[in-house]
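# Examination of the molecular architecture
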Amino acid sequence: MGSQRTARAGRTALLLAGLLVALCAASCPEKDLEDREEEANIVLTGTVDEIINMDPVHNTYSCKVRVWRYLKGKSSVKHEILLDGGNKLMIGGFGNPGICDNQVATGDTRIFFLNPAPESMGPEHKNELMLNSSLMRITLRNLEDVEHCVEGKQPMCGE
């Protein structure tokens, strides 16, 4: 009898957790892909190598990301920003409550929309890039959509 109650309580808790996640996702409206791409100076694909600089007060963190491909803005990435022989970058802004999908784990490969860290963030962020909007999973469709936006072929943006 006790195990049935425990199982029922577990299912109820799981259902409530799923409902909470759905409600939170619904309350975080995402900008159109065209706007996200336009507002970002740099768009790239990369894999999270290391999570560092955890800020326990703001629940934000930075990551060292291995770059696979620049879709936009490679020329605006200054040499002093590059790490480990030039194929990695420091990216901050993970955990920012103003950005919907911004949580990663080591090994995650995503499409990143980035801007240089503003000077107002202080010298400790001088050589970081910051998330500009939500991350995107790497799929053929997502890559094609972002490439079309970068190239200015508007009909594919936001579909």
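Placed above this text is the structure.
Predicted model only: the values in this text are computed from it and were never measured. (Residues numbered from 1 in each chain as written. Predicted model: local features only at pLDDT ≥ 70, side-chain atom pairs only at ≥ 80, totals over all residues. Heavy atoms only, no water.)

## Some thoughts on unusual backbone geometry
Trans peptide bonds make up the majority, and among non-glycine residues the majority have a negative phi. Just so we agree on the cut-off: By definition, any uninterrupted DSSP run of H or I lasting at least four residues is a helix, any uninterrupted run of E lasting at least two residues is a strand, and each is numbered from the N terminus. Only protein chains enter the accessibility calculation, which uses a 1.4 Å probe; a residue whose area is less than 20% of its type maximum is buried, one above 50% is exposed, and one in between is partly exposed.
Of note, Asn53 is a non-glycine position whose phi angle comes to about 55 degrees, a positive value. Relative to the helices and strands, Asn53 resides in strand β1 (residues 42-55). In this structure, Asp84 is a non-glycine residue whose phi angle is positive, near 50 degrees. The exposure class of Asp84 is partly exposed, given its relative accessible area of 46%.

## As for the packing of aromatic side chains
What counts is decided by this rule: Stacked, edge-to-face and tilted are the three classes for Phe, Tyr and Trp ring pairs, Trp counted by its six-membered ring, which pair at centre distances within 6.5 Å; planes under 30 degrees apart are stacked, over 60 edge-to-face, the rest tilted.
Counted under the stated rule, the structure contains 2 aromatic pairs. Between Tyr61 and Phe94, the ring centres sit 5.4 Å apart and the planes meet at 15 degrees, which makes this aromatic pair stacked. One end of the pair, Tyr61, is in strand β2 (residues 60-72); the other, Phe94, is in strand β3 (residues 88-94), with 33 residues separating them in the sequence. Looking at Phe94, the relative accessible area reads 0%, which means it is buried. Aromatic pair Phe94 and Phe112: ring centres 6.4 Å apart, planes at 85 degrees, arrangement edge-to-face. Taken together, the residues Phe94 in strand β3 and Phe112 in strand β4 (residues 109-116) connect sequence positions 18 residues apart.

## Structural notes on the side chain of Asn102
Put simply, the rule reads: In protein, a polar contact requires one atom able to donate a hydrogen and another able to accept it; more generally it is a pair of N or O atoms within 3.5 Å, and residues adjacent in sequence count only if both atoms are side-chain atoms. Contacts were defined at the residue level, with two residues in contact if any of their heavy atoms lie within 4.5 Å.
Looking at where Asn102 falls in the secondary structure, it is placed in the loop between β3 and β4. Owing to a relative accessible area of 3%, Asn102 belongs among the buried residues under this scheme. In terms of polar contacts, Asn102 uses its side chain to reach the backbone carbonyl oxygen of Asn96, at 2.5 Å. One polar contact links Asn102 to Gln103, side chain to side chain, over a distance of 3.2 Å. Among all residues touching Asn102, those that are not within four sequence positions of it are Tyr61, Gly93, Phe94, Gly95, Asn96, Leu131 and Leu135.

## Quick notes on helix α3 (residues 140-151)
Stated formally: Given a helix with a known number of residues, its expected span is that number minus one, times 1.5 Å. Taking the helix axis as origin, the arc is that swept by the directions to the C-beta atoms.
Its 12 residues give α3 an end-to-end C-alpha distance of 16 Å, which sits within 8% of 16 Å, the value for a rise of 1.5 Å per residue. If you check which residues of α3 are buried, you get Asn142, Leu143, Asp145, Val146 and Cys149. Projected down its long axis, α3 shows its buried positions confined to an angular sector of 165 degrees, all on one face. Residues of α3 that are exposed and point more than 90 degrees away from the buried face comprise Leu140 and Glu151. One or two steps after α3, the chain reaches Gly152, where phi turns positive at roughly 85 degrees.

## Things to note about the nonpolar core
The nonpolar side chains of a soluble globular protein tend to be buried, and buried together. The condition that has to hold: Nonpolar core, defined: a set of buried Ala, Val, Leu, Ile, Met, Phe, Trp, Tyr and Cys residues in which side-chain atoms within 4.5 Å join the residues together.
Leu89, Ile91, Phe94, Phe112, Leu114 and Leu131 are the most contacted members of the largest nonpolar core, which totals 19 residues. Among the secondary structure elements, those contributing two or more residues to this core are β1, β2, β3, β4 and β5 (129-131). Considering each element in turn, this core owes the most residues, 4 residues, to β2. Among the nonpolar cores identified, the runner-up in size contains 10 residues, and Ala40, Ile111, Val146 and Cys149 belong to it.

## Some points on the pairing of β2
Side chains on a regular strand alternate between the two faces of the sheet. Selection criterion: Pairing between two strands is assigned when DSSP locates at least 2 bridges connecting them.
In the sheet, β1 pairs with β2 via 10 bridges, with the strands oriented antiparallel. Bridging from a neighbouring strand, Thr45 pairs with Arg69 of β2. Between β1 and β2, which pair antiparallel in sequence order, lie 4 residues; one of them, Asn59, sits at a positive phi of approximately 55 degrees. Relative to β3, β2 is paired through 5 bridges, and the arrangement is antiparallel. In the sheet register, Val65 faces β3, and the bridge partner there is Leu89.

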